[in-house]
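Chain and residue survey
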Amino acid sequence: MIERLPSPRPLSEIASYHAHVYFDGTRARDMAAQLREQIAARFAVRLGRWHETAVGPHVAPMYQIAFGRDIFARLVPWLMLNHAGLSILIHPSTTNPRRDHLRDGLWIGRPRALLADRLPDHTDEPDQAGEVNTQPEDTAII
Ligand code: ZN
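The notes below deal with the structure included here. Throughout this document, residue positions are counted from 1 along each chain, in the order its sequence is written. The model is predicted, so local features are restricted to residues of pLDDT at least 70 and side-chain atom pairs to those at 80 or more, both for listing and for counting; the totals for chains, interfaces and linings are taken over all residues. Note that the side-chain values use all heavy atoms of the structure and ignore hydrogens as well as water.

So, the pairing of strand β1 (residues 16-22)
- The buried label applies to any residue whose accessible area, calculated with a 1.4 Å probe on protein chains only, is under 20% of its type's maximum; exposed applies above 50%, and partly exposed to all values in between. Elements are defined by DSSP. Helices are runs of H or I of four residues or more, strands are runs of E of two residues or more, and each kind is numbered from the N terminus. Among the seven residues of β1, seven are classified as buried, and the element is accordingly described as predominantly covered.
- The two faces of β1 match: Ser16, His18, His20 and Tyr22 on one face and Tyr17, Ala19 and Val21 on the other face are all buried.
- At least two bridges found by DSSP between two strands are what make those strands a pair. Where β1 lies against strand β3 (residues 62-67), six bridges are found, and the strand directions are antiparallel. Residue pairing across strands places tyrosine 22 opposite methionine 62, the latter belonging to β3.

Spelled out as structure tokens, the structure:
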């Protein structure tokens, strides 16, 4: 007998998305800084702190972009075209951060390692996109 798929998970499990932009080395760092400015000029998102050293489950310097479900369909294809060789992890934020990062995310550019033991397998409060802290220009070309 064939194995049955579990019942589909509803999209309502996704509270928001993160994009983690990794940079190591001077050139990648410069590219990541320019990309951050380009994103800020184009998308209503929450740009997270700039981390010069690896934090949490991440093994390279990075910054995070938190965004709502309504932004996904424009931001993610834009990052596909404009990541400039940088590694970017896109993942949903649900009540299971470990599964979100390790199993259910997608990579643009070269996939990176993640430290699984730094990722809890349950949180009562999935990450919301938070307050938008960019001011996209109406004239920016997306
Ligand atoms: Zn994340």
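Digging into the packing of aromatic side chains
- When the centres of two rings from Phe, Tyr and Trp lie within 6.5 Å, Trp using its six-membered ring, the rings pair. Their planes under 30 degrees apart give stacked, over 60 give edge-to-face, and anything left gives tilted. Tallied over the full model, the rule gives eight aromatic pairs.
- Where tyrosine 17 meets phenylalanine 67, the ring centres are 5.6 Å apart and the plane angle is 20°; that geometry is what we call stacked. Placement of tyrosine 17 in strand β1 and of phenylalanine 67 in strand β3 is noted, with a sequence separation of 50 residues between them. Neither residue differs from the other here; tyrosine 17 and phenylalanine 67 are each classed as buried.
- Aromatic pair phenylalanine 23 and tyrosine 63: ring centres 6.4 Å apart, planes at 40°, arrangement tilted.

Overview of the nonpolar core
- Of all hydrophobic cores here, the largest spans 24 residues; its most connected members are Leu35, Ile39, Val45, Ile65, Phe67 and Leu79.
- Mapped onto this core, the elements with two or more residues apiece are β1, α1 (26-42), β3, α2 (72-82) and β4 (88-93).
- Here isoleucine 65 is in contact with Tyr17, His18, Ala19, Val21, Ile39, Val45, Arg46, Leu47 and Leu75, once residues within four sequence places are set aside. Take the buried Ala, Val, Leu, Ile, Met, Phe, Trp, Tyr and Cys residues and link them wherever side-chain atoms come within 4.5 Å; each set so joined is a nonpolar core. Residue contacts follow a heavy-atom distance rule, with two residues in contact if any of their heavy atoms lie within 4.5 Å.

Geometric values such as these leave the question of function open.
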